Amino acid sequence: MTKSIETIWKEGFVDETQLTAPEIKDLYNRKSQNIVDKLQNMFAINIKAIILGSIVMLIMMSLIGAPFLGLYICCLLVPLVIIAKRELKKSFNLSKGQSSYDYLMSFNSWLQSSIEAYSSYYKIFYPLFFLGMAIQGIVSNAGGEFIALLLKIFPTDIIIFGQPYYLIIALVIVTLIMVKYAETLYRWDLNIVYGRQFKKLEELITDMKALKD
Amino acid sequence: MGSDFYQLYILPFAGIIIKICRAYTNNQEDFEDYYQEVCLQIWRSRDNFNQECEWSTWIYRISLNVCLTYLKRRKNGDKEIISDPLPEEAIDDSKAFVSDEINQLYSAIKHLSETDRAIILLYLEEKSYLEIAEIIGSNTNNIGVRIKRIKDRLNKYITQKD
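Cut-offs applied
- Residues numbered from 1 in each chain as written.
- Chains lettered and ligands numbered in written order.
- Predicted model: local features only at pLDDT ≥ 70, side-chain atom pairs only at ≥ 80, totals over all residues.
- Helix = DSSP H or I, 4+ residues; strand = E, 2+ residues; numbered from the N terminus.
- Buried ≥ 20, exposed ≤ 12 C-beta atoms within 10 Å, placed from the backbone.
- Contact = placed C-beta atoms within 7 Å.
- Core = buried A, V, L, I, M, F, W, Y, C linked by C-beta atoms within 7 Å.
- Domains from an automatic or database assignment.

Novice: Before we go on, may I ask you to explain the overall build of chain B in this structure?
Specialist: Along the backbone of chain B there are eight helices and two strands. Classification of the 162 residues of chain B by burial places 40% in the buried group. A sequence separation of at least 24 residues applies to 58% of the contacts in chain B between residues at least 6 apart.

Written out as structure tokens, the structure is:
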């Protein structure tokens, strides 16, 4: 081929009528496949799911005789709704009409701030959720029988808050592990779903930055 | 309102969208999906258009940004991915245009990185380095250097294929 790419392009599109637009099907009701829109949808669904989950949890816990645990879990879920709403609101400022670099950077910055907000809260949520469940378990009849059995097998005189010391130590250890690994767990979970997209985004940004600098 | 908007503000610029979407897709089905997504996003972003640039430049920006962050549904599973580099065997729309030379050029363009595809498309559309830099959001000098490198790669690819 002896022609330059510029000539090929110019000659190839000299008659632009050959560029036939595909048939448009119900365009304005179409579900978007854009990553920002997808994440916005995910946040919007999360908000509804959390609210619904809280109500279900409250009813279920009340039915099994643990209404305070239900209420406690509801209270733990409220900040999640607030975070999801706040992050959703922020995402609407992302204009697709910006330069590609600015668009990708603002998308990435929003994404990082959302991940940060969620992971910070999960560091508190998971341990508190675990503690709530554990305390409910301890004060329940079945829990009381289990602790009595424990004391029979591993008798001790050291009692803290009415419980054998090793049970409290175990609770503290599990809670600390949750504090330490909650963020990792959240990011790992996110990576399973969106890992490839995030990697791709990172590559695009690196390439664009190289052009910018 | 929707249909009027498409006819009045998108269809006259369909050529731009088609040329860009073709560079980021490897079959007719994907191409149509990308095309519709770009049209949808132009419609959704219409209120953000502040007339600081021309409408055609706005269309270039949205088309490229949408193609760069489109979540492509994979055929073999339910996981979605942002448009991937296209493997050689996947590029099967070699008859997308009437001109064989254009088809060959597109085939070469599809072997470039996503950013390089955007740059060369704008260059071929006779956008100045300054306009390309503004649309991509980069430095004008770097654009010039990058275009030279991309052209070398394209020429090498086309020559090898001949």
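Novice: Even after reading the chapter, I still don't get the interface of chain A and chain B, so can you show me in this structure?
Specialist: Where interface size is quoted, it is often the accessible area lost as the parts come together. Taken together, the contact pairs 39 residues of chain A with 56 residues of chain B. Mapped onto the side of chain A that touches chain B, the elements with two or more residues apiece are helix H1 (5–12), helix H2 (35–63), helix H4 (100–139) and helix H6 (165–212) of chain A. If one sorts the elements of the side of chain A that touches chain B by residue count, H6(A) sits on top with nine residues.

Novice: What should I look at first to understand the nonpolar core in this one?
Specialist: In a soluble, globular protein the nonpolar side chains are often hidden away together inside. If you look at the biggest cluster of nonpolar residues, it comprises 66 residues, and the most contacted ones within it are Ile20(B), Cys21(B), Val38(B), Cys67(B) and Ile119(B). For this core, the domains that each give at least three residues are domain 1 (34–90) and domain 2 (99–213) of chain A.

Novice: Looking at this structure, I do not really get the environment of Asn34(A). What am I missing?
Specialist: Following the sequence through the fold, Asn34(A) ends up in the loop between H1 and H2. Residue Asn34(A) is classed as buried on the basis of its C-beta count, with 23 C-beta atoms lying within 10 Å.

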